[in-house]
Amino acid sequence: MGRNAAGESFLRGFFAHSAATEFWVQVTATEHASHFAASAKAHGRHETVYRAEKTTLGALAKVGMVYYPGPGIGEHAFHRAAQGHGAWSLCGITHTTSSTTAMEAIAALVTSPVQP
């Protein structure tokens, strides 16, 4: 529950203070992008929301960085590898390492194609 509250808080702050002229979201389903757009609009933001899905990940090179709210950036590094390891940066945050999933994600970084 803490990471969900932290993610929601991050989005509220981002919507309130970001100078972004457009938003990009990486999603596994189109409706997730629609949900993000509705949330942005509810917070008074009207910028265009672009989405990157599994078949259009190369578009993230235009953005330059993907933020993932968890320690599991290794999986995203594998997805990025098809475009080139320097195509975009990966940024993650870890709120807790006490779950099995979080510990496995951190351990997987050893064999994932993450870069310095």
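In what follows, the structure referred to is the one given above.
Conventions adopted
- Residues numbered from 1 in each chain as written.
- Predicted model: local features only at pLDDT ≥ 70, side-chain atom pairs only at ≥ 80, totals over all residues.
- Heavy atoms only, no water.
- Helix = DSSP H or I, 4+ residues; strand = E, 2+ residues; numbered from the N terminus.
- Rg over C-alpha atoms; globule rule 2.2 N^0.38 Å.
- Buried < 20%, exposed > 50% of the residue type's maximum accessible area, 1.4 Å probe, protein only.
- Contact = heavy atoms within 4.5 Å.
- Areas by Shrake-Rupley, 256 points an atom, 1.4 Å probe, with all protein chains shown as cover.
- Expected span 1.5 Å × (residues − 1).
- Arc of directions from axis to C-beta.
- Core = buried A, V, L, I, M, F, W, Y, C linked by side-chain atoms within 4.5 Å.
- Phe/Tyr/Trp six-rings, centres within 6.5 Å; stacked < 30°, edge-to-face > 60°.

Within the chain, the regular secondary structure consists of five helices and four strands. When the elements of the chain are put in sequence order from the N terminus, they spell out α-β-α-β-α-β-α-β-α. Its C-alpha atoms give the chain a radius of gyration of 15 Å, near enough to 13 Å, the size a compact globule of 116 residues would have. Each of the 116 residues in the chain was classed as buried or not, and the buried ones make up 26%. Considering only contacts in the chain between residues 6 or more positions apart, those separated by 24 or more positions represent 67%. Here the chain has roughly 7500 Å² of accessible surface; of this, 57% comes from carbon and sulfur atoms.

Turning to helix H2 (residues 30-42), a few remarks are in order. The end-to-end C-alpha separation of H2 is 19 Å, in line with the 18 Å expected for 13 residues at 1.5 Å each. What H2 keeps buried is the set Ala33, Phe36, Ser39 and Ala40. The buried residues of H2 occupy an angular sector of 120° when projected down its axis, which confines them to one face. More than 90 degrees from the buried face of H2, the exposed residues found are Glu31, His35, Lys41 and Ala42.

A few words on helix H4 (residues 73-81). Taken together, the buried positions of H4 are Ile73, Gly74, His76, Ala77 and Arg80. The buried residues of H4 occupy one face: seen down the axis, they fall within an arc of 160°. Buried residues along H4 sit in contact with strand S1 (22-26), strand S3 (65-68) and strand S4 (89-92).

Quick look at the nonpolar core now. Generally speaking, a soluble globular protein has its nonpolar side chains buried in company with each other. Among the nonpolar cores identified, the biggest contains nine residues, and these are Ala52, Leu57, Leu60, Val66, Ile73, Ala77, Ala87, Trp88 and Leu90. Leave out the neighbours within four places in its chain, and Leu60 touches Gln26, Ala52, Val66 and Trp88. Counting residues in hydrophobic clusters, the runner-up holds seven residues, among them Phe15, Val25, Phe36 and Ala40.

A few words on the packing of aromatic side chains. Counted according to the given criterion, the structure contains eight aromatic pairs. Ring geometry for Phe10 versus Tyr67: centroids 5.0 Å apart, planes at 25°, classification stacked. Taken together, the residues Phe10 in helix H1 (residues 2-17) and Tyr67 in strand S3 connect sequence positions 57 residues apart. On the accessibility criterion, Tyr67 (32% relative accessible area) is partly exposed. When the ring of Phe23 is compared with that of Phe36, the centres are 5.9 Å apart and the planes differ by 80°; the resulting orientation is edge-to-face. Of the two residues, Phe23 is situated in strand S1 and Phe36 in helix H2; the sequence distance between them amounts to 13 residues. A residue is classified by how much of its surface remains accessible, and Phe23, at 3% relative accessible area, is buried. A residue is classified by how much of its surface remains accessible, and Phe36, at 15% relative accessible area, is buried. An aromatic cluster of at least three residues, connected via ring pairs, comprises Phe10, Phe14, Phe15, Phe23, Phe36 and Tyr67.

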